[in-house]
Amino acid sequence: MITLISKNNFNVLINEKTGKWFSFDYVTNNCVIKNITNKKLKELFCNYDEFKEYLSELKNSNEPVNTKLIDMNYLILHVSDVCNMNCKYCYATDNLIDNNSNKMTSDTMIKSILKFYKGNDFYVLFHGREPLTNYDNILKTLEYFKDKKNIHFILQTNGLLLDDNKMKQLRKYGVIINVSIDGINDNNNVLRINNTKIDYTRIILDKIVKYKINPIIIVHKNNYKDLVKITNFLTKNGITSASYNFLWPTSESTELSSYVVPQELLIKEMKNVFNNSIKDNKFIFKERDLYLLYGRILKRDIYNYMCNTSPCGAGKNCLSIYKEGQIYPCTMVNCQKENYLGEITDNTRDILNKKVILKTRDIKKIKECSTCPIRIFCRGGGCSGFIYNLTKDINAKSLYCDYYYEMIIYIMQSIYKMSNKKFFINN
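Residues numbered from 1 in each chain as written. Predicted model: local features only at pLDDT ≥ 70, side-chain atom pairs only at ≥ 80, totals over all residues. Heavy atoms only, no water.

Participant: Looking at this model, I keep getting lost on the overall build of the chain. Mind explaining?
Facilitator: A count of helices and strands for the chain gives 16 helices and 17 strands. Here the C-alpha atoms of the chain give a radius of gyration of 23 Å, agreeing with the 22 Å that 2.2 N^0.38 yields for 427 residues. Projected onto its principal axes, the C-alpha positions of the chain cover 75 × 50 × 40 Å. Expressed as a percentage of its 427 residues, the buried residues of the chain come to 57%. Considering only contacts within the chain whose residues lie at least 6 apart along the sequence, 69% involve residues at least 24 apart. In the form shown here, the chain has an accessible surface area of approximately 19300 Å², with 49% of it arising from carbon and sulfur atoms. If the 61 positive side-chain charges of the chain are averaged to one point and the 43 negative ones to another, these points end up 3 Å apart. (Helix = DSSP H or I, 4+ residues; strand = E, 2+ residues; numbered from the N terminus. Rg over C-alpha atoms; globule rule 2.2 N^0.38 Å. Buried < 20%, exposed > 50% of the residue type's maximum accessible area, 1.4 Å probe, protein only. Contact = heavy atoms within 4.5 Å. Areas by Shrake-Rupley, 256 points an atom, 1.4 Å probe, with all protein chains shown as cover. Lys, Arg positive; Asp, Glu negative; His and termini not counted. Charge placed at Lys NZ, Arg CZ, Asp CG, Glu CD.)

Next comes the structure, spelled out in structure tokens:
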């Protein structure tokens, strides 16, 4: 199906099935026309004869192949229920009692990895409320696998427990470290500080700059206006990538809804971030979602980020292991009975083949997505786990549906302008 989207005199023809698109500027009315015919194109565009040669390439393009779900290659280890902070939006299990019963043993970590590692590139994320509260067991696990060069370890932390000694040890094992922080001032970090009686923002920013760590930022009403300032601060200090993840309330924490940025304002600021991230047609700063969305649109790398795809990789190429060896599709649904996959002692095939709710989100079954002309790029509007936790409907419309629609069209138009061509067709 070929669909025409015309907006503000920018025109794009999209093969909805394959993600191939063709664009040009021409004065016309805003419209969306599905199954557009050559006859209709001739009526709308006097320059039809100039671009008609591109139409056969558009119509005969091949559908992208998903190569990301061939093997289970991403393991999230929920190594601790203990945390030294109390962030309002944290979705991890809430337990502040610091004892061993609330931490994963190194034996469970090692057995979990051995169960699913098959010799190919394999990724292990140390996660939880605060993984560094279980640092000794993490070190034992890293030491056990020190000779397995194709096992790649990642650690997500709030950064408070990081110091020179830990950084030296973690980097010895090649661990990629991501630190959570929501901006460059205390107002940005209001949902994280949450009665923390320390100079939190300064402490974490100093560590990010000193250790050159990529930050993970939750975007909400108290920081969205400063996203460009945050981006400039990071690039000025030699940090060229970060993740700006949008705030998701849950059905249990509806008070967070008041911190969700209205989509029209979010669109405006993320456009500014995008523009600020590119120089001479190259990314000088890579915000994860924008950078990967750009790759989907330009190169049709549709499955480059399985967390933002429906169906996603949860329970297929990604699993979450809770502290005592319980298995779930993703850390977003840890401890949910309806998403329980089994134990690390169970048969691997049975675990991966078990049907649970999170594995069933499908853009073909989402009313709004099923008729959307750019659904192949958006893939459902964000994390399936967040959407399910908010609505308890696995095929609900995304909270950020409008954002993705507007940003995808904007990125298409930006790519077209950067091409300096009269007509542009993507890869």
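From this point, the narrative continues.
Participant: I would appreciate a short explanation of the packing of aromatic side chains in the present structure.
Facilitator: Note on aromatic pairs: each is described by the distance of the centres and the angle between the planes. Following the criterion strictly, the structure yields 31 aromatic pairs and no others. A ring pair is formed by W248 and Y400, whose centres lie 5.1 Å apart and whose planes are at 75°; its orientation type is edge-to-face. Highlighted residues: W248 in the loop between β10 (241-246) and α10 (263-277) and Y400 in the loop between α15 (384-391) and α16 (401-419), separated in sequence by 152 residues. In terms of burial, W248 and Y400 fall into one category: buried. Geometrically, the ring pair formed by F283 and Y294 is edge-to-face, given 4.9 Å between the ring centres and 80° between the ring planes. With F283 in strand β12 (residues 282-283) and Y294 in helix α11 (residues 288-299), this residue pair connects regions lying 11 residues apart in the sequence. Residue F283 is classed as buried on the basis of its relative accessible area of 19%. Site record: aromatic cluster; members linked through ring pairs are F22, F24, Y26, F45, Y48, F51, Y54 and F423. In this structure, K166 packs its charged tip against the face of Y135, placed 5.3 Å from the ring centre. (Phe/Tyr/Trp six-rings, centres within 6.5 Å; stacked < 30°, edge-to-face > 60°. Lys NZ or Arg CZ within 6 Å of the ring centre and 35° of its normal.)

Participant: Whenever I open this one, the packing of helix α4 (residues 106-116) against helix α5 (residues 135-144) confuses me. Can you help?
Facilitator: Any two packed helices are characterised by how steeply their axes cross, that is the angle between the axes, and by the distance between the axes. Two elements in contact, α4 and α5, have axes separated by 8 Å at closest approach and are oriented at 40°. Compared by their axis directions, α4 and α5 come out oblique. Note on packing geometry: the crossing formed by α4 with α5 is right-handed. Together, S106, M109, I110, I113 and L114 of α4 and N137, I138, K140, T141 and Y144 of α5 make up the contact between the two elements. Residue classes in the contact of α4 with α5 are distributed as six nonpolar, three polar and one charged. (Axes fitted to C-alpha atoms, helices over the stretch in contact; angles between N-to-C directions. Parallel < 35°, antiparallel > 145°, perpendicular 65-115°, else oblique. Left-handed = near helix turned anticlockwise from the far one by under 90°. Nonpolar A, V, L, I, M, F, W, Y, C, P; charged D, E, K, R; others polar.)

Participant: What is the right way to look at the sheet that holds strand β8 (residues 176-180) in this model?
Facilitator: The strands making up a sheet associate through backbone hydrogen bonding, with each pair oriented either parallel or antiparallel. The strand order β13-β10-β9-β8-β7-β6-β5-β14-β15-β16 describes an open sheet built from 10 strands, whose pairing is mixed. Strand pairing shows two members of the sheet lacking a second neighbour, β13 (286-287) and β16 (342-343), which therefore form its edges. Alignment of β10 against β13, held across two bridges, turns out to be parallel. Within β13, the residue paired with S241 across the bridge is K286. (Pairing = 2+ DSSP bridges.)

Participant: I would appreciate a short explanation of the side chain of T3 in the present structure.
Facilitator: Residue position: T3 is located in strand β1 (residues 2-7). In terms of polar contacts, T3 uses its side chain to reach the side chain of E16, at 2.5 Å. Once residues within four sequence positions are removed from consideration, T3 is found in contact with V12, L13, I14, E16, V32, I33, K34, N35 and P373. (Polar contact = N/O pair within 3.5 Å; in protein donor to acceptor, adjacent residues only side chain to side chain.)

Participant: How should the packing of α11 against α16 be read in this particular structure?
Facilitator: One can describe the packing of α11 onto α16 by two numbers: an axis separation of 10 Å at closest approach and a directional angle of 65°. Taken together, the axes of α11 and α16 are roughly perpendicular relative to one another. Seen from above, α11 lies across α16 with right-handed handedness. Within the contact between the two elements, α11 uses D289, L290, L293, Y294, I297 and L298 and α16 uses Y403, Y404, M407, I408, I411, M412, I415 and M418. Split by residue class, the contact of α11 with α16 holds 13 nonpolar, no polar and one charged.

Participant: How should the nonpolar core be read in this particular structure?
Facilitator: Proteins that are soluble and globular tend to have nonpolar side chains buried together. By size, the foremost hydrophobic cluster in this structure holds 118 residues, and its most contacted members are L77, I113, Y244, F377, Y403 and M412. With 10 residues, α16 is the largest single contributor of residues to this core. Setting aside anything within four residues of it in sequence, one finds L77 in contact with M104, M109, S112, I113, V124, L125, F126, H127 and I321. Among the nonpolar cores identified, the runner-up in size contains 14 residues, and I2, I36, L58 and F423 belong to it. (Core = buried A, V, L, I, M, F, W, Y, C linked by side-chain atoms within 4.5 Å.)

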